[in-house]
Amino acid sequence: MSVKMGVLALLVGGPGYGYQLRGEFEHRTGGSWPLNIGQVYTTLDRLERDGLVARGDADDDGHVVYTATDAGREEVARWFSEPVPAKRGRDELAIKFALAVTVPGVDVPRLVQVQRASAMRALQDLTRLKRTADPSEDLAWSLVLESMVFQAEAEARWLDHVESSVARHMPPEVRDPDPRGGSIAAAARAAVR
């Protein structure tokens, strides 16, 4: 999602100013996507330039209030009616493992275990947060939180797949490097100690 569409969607819900929009955005996403206030004002300037919002007068506190234009409302309606494209190809974790299985001296099973431990910690933290979330009080945050839980679960399942693929397809001498050899494997072990 772009910040542009998030800010514009908030303005379709009613007029607002920069700090207010940033606060609403972060509240509705549970702080999972923090915004820099400069980013919000730059986005408002671009939205205004593109005719999607109109700058109004300042309120009693001096805040410049923006409203969505008809074109802005149409843009948000279009955005809500279309699917979000799937992320493909630039997943750092997948690329890391793609390289790890081809670079000599990388202890791939150890890498799987380190990443799995991280994913499980994240999943435990998210599960604790989920217990405190009340969808009837804050449905927006609950949905974001559940998405993060599903992503952590998917990562753990994918790591199980990586582990079984490595066991089936990597030659033993590559899969189980000599613990004394290989500068990459030795450096990786030292880093996690």
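Data block above holds the structure.
Residues numbered from 1 in each chain as written. Predicted model: local features only at pLDDT ≥ 70, side-chain atom pairs only at ≥ 80, totals over all residues. Heavy atoms only, no water.

## Quick word on the nonpolar core
Part 1 of the argument: By size, the foremost hydrophobic cluster in this structure holds 18 residues, and its most contacted members are V7, L8, L11, L21 and L44.
Part 2 of the argument: Taken together, the elements giving at least two residues each to this core come down to α1 (3-12), α2 (18-28), α3 (37-49) and β2 (64-68).
Part 3 of the argument: Sorting elements by how many residues they give to this core places α1 first, with 6 residues.
Part 4 of the argument: Sequence-distant contacts of L8, that is, excluding residues within four places in its chain, are made with L47, L52, V53, A68, G72, E75 and V76.
Part 5 of the argument: Among the nonpolar cores identified, the runner-up in size contains 12 residues, and V106, V108, A119 and M170 belong to it. (Core = buried A, V, L, I, M, F, W, Y, C linked by side-chain atoms within 4.5 Å. Buried < 20%, exposed > 50% of the residue type's maximum accessible area, 1.4 Å probe, protein only. Helix = DSSP H or I, 4+ residues; strand = E, 2+ residues; numbered from the N terminus. Contact = heavy atoms within 4.5 Å.)

## Here we look at a nonpolar patch on the surface
Part 1 of the argument: Judged by side-chain polarity, I95, L99 and V103 come together as a nonpolar surface patch covering roughly 230 Å² of accessible area.
Part 2 of the argument: Along the chain, I95 turns up in helix α5 (residues 92-100). (Patch = residues over 30% accessible without salt bridge, like charges linked within 9 Å, V, L, I, M, F, W, Y side chains within 5 Å. Areas by Shrake-Rupley, 256 points an atom, 1.4 Å probe, with all protein chains shown as cover. Salt bridge = Lys/Arg side-chain N within 4 Å of Asp/Glu carboxyl O.)

Everything listed here is a matter of coordinates, which is why it stays silent on function.
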